[in-house]
Amino acid sequence: MVTRNRIIAYTSIHHGNTRRVAEVLADSLEAIAVDASALTARDVDGASLIGFGSGIFFGKHHQAVLACAEKCRNSNDTKAFIFSTAGFPYALARAFGSDFHKDLRRLLVSGGFHIEGEFSCRGHDTYGLLRPIGGIAKGHPNADDIEKAKAFALRLMNPA
Ligand SMILES: Cc1cc2nc3c(=O)[nH]c(=O)nc-3n(C[C@H](O)[C@H](O)[C@H](O)COP(=O)(O)O)c2cc1C
């Protein structure tokens, strides 16, 4: 059972990209980073803050994170946030009508969570046809992405 009051629930299966971000967020927020598939609804009870994140797979978060969000209910004024890593820039995809965070956001909102913030950065992607060319977003998350993740955590702790 997870006992820390701030939890980062994440899945990272492709290159460990999201794990790097999850660990930085956990450090900055004094939270515990846990595998989303191991998190139970009971663990969430009493948490003050939970972040949910993974890589983006076919336009949405990994199934393990979506399943985790689906079973979590906000019974204690728990704050939630969303994060992701993706081969393509989130803002650009969103501007073109593909919102990678949409499904996870919908599940969390229907579980009664208020979304305090959302963070996304690029993550090295070598899926399928991208592999022979070395993939895209090579080197990401990079130092700049990590600094942005830290700044995001700081804003979560000290909202304007
Ligand atoms: C099967 C598969 C599907 C993917 N689909 C997308 C996608 O739809 N959009 C995108 O921007 N990146 C996509 N990616 C890239 C991953 O989101 C990216 O590499 C992410 O950083 C992986 O995170 P992880 O290493 O923590 O698992 C895909 C990668 C794989 C392996």
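Look up: the structure comes first, before these words.
What counts as what
Residues numbered from 1 in each chain as written. Predicted model: local features only at pLDDT ≥ 70, side-chain atom pairs only at ≥ 80, totals over all residues. Helix = DSSP H or I, 4+ residues; strand = E, 2+ residues; numbered from the N terminus. Contact = placed C-beta atoms within 7 Å. Buried ≥ 20, exposed ≤ 12 C-beta atoms within 10 Å, placed from the backbone. Pairing = 2+ DSSP bridges. Expected span 1.5 Å × (residues − 1). Axes fitted to C-alpha atoms, helices over the stretch in contact; angles between N-to-C directions. Parallel < 35°, antiparallel > 145°, perpendicular 65-115°, else oblique. Left-handed = near helix turned anticlockwise from the far one by under 90°. Nonpolar A, V, L, I, M, F, W, Y, C, P; charged D, E, K, R; others polar.

A. Here's a closer look at the overall build of the chain. For the chain, the helix and strand inventory stands at 6 helices and 6 strands. Listed by position from the N terminus, the elements making up the chain come as β-α-β-α-β-β-α-β-α-α-β-α. By principal-axis analysis of the C-alpha atoms, the chain measures approximately 45 × 30 × 25 Å. Taking the intrachain contacts of the chain between residues at least 6 apart in sequence as the baseline, contacts between residues at least 24 apart amount to 74%.

B. Quick peek at the pairing of strand S5 (residues 79-86). With 7 of its 8 residues buried, S5 lies for the most part within the structure. Note that S5 and strand S6 (residues 114-122) share 8 bridges and pair parallel. Each bridged residue has a counterpart across the sheet, and for Ala80 the counterpart in S6 is Ile115.

C. Representation of helix H1 (residues 17-29) within the structure. Helix length check: H1, at 13 residues, gives a terminal C-alpha distance of 19 Å against a target of 18 Å (1.5 Å per residue), a fit within 8%. When you tally the buried positions in H1, you get 10 out of 13 residues, the bulk of the element. Within H1 the residues assigned to the buried category are Asn17, Thr18, Arg19, Arg20, Val21, Ala22, Val24, Leu25, Ala26 and Leu29. Of the surrounding elements, those touching the buried residues of H1 are strand S1 (6-11), strand S2 (32-35), strand S3 (49-57), S5, S6 and helix H6 (143-157). Note on H1: the residue one or two positions beyond its end, Glu30, has a positive phi of about 50°.

D. Representation of the packing of H1 against H6. Orientation of H1 relative to H6, taken along the N-to-C sense of each, is 40°, at an axis distance of 9 Å. With respect to H6, the axis of H1 lies oblique. Here the hand of the crossing between H1 and H6 comes out right-handed. Together, Val21, Val24, Leu25, Ser28 and Leu29 of H1 and Ile146, Ala149, Lys150, Ala153, Leu154, Leu156 and Met157 of H6 make up the contact between the two elements. Looking at the contact of H1 with H6, its residues break down into 10 nonpolar, 1 polar and 1 charged.

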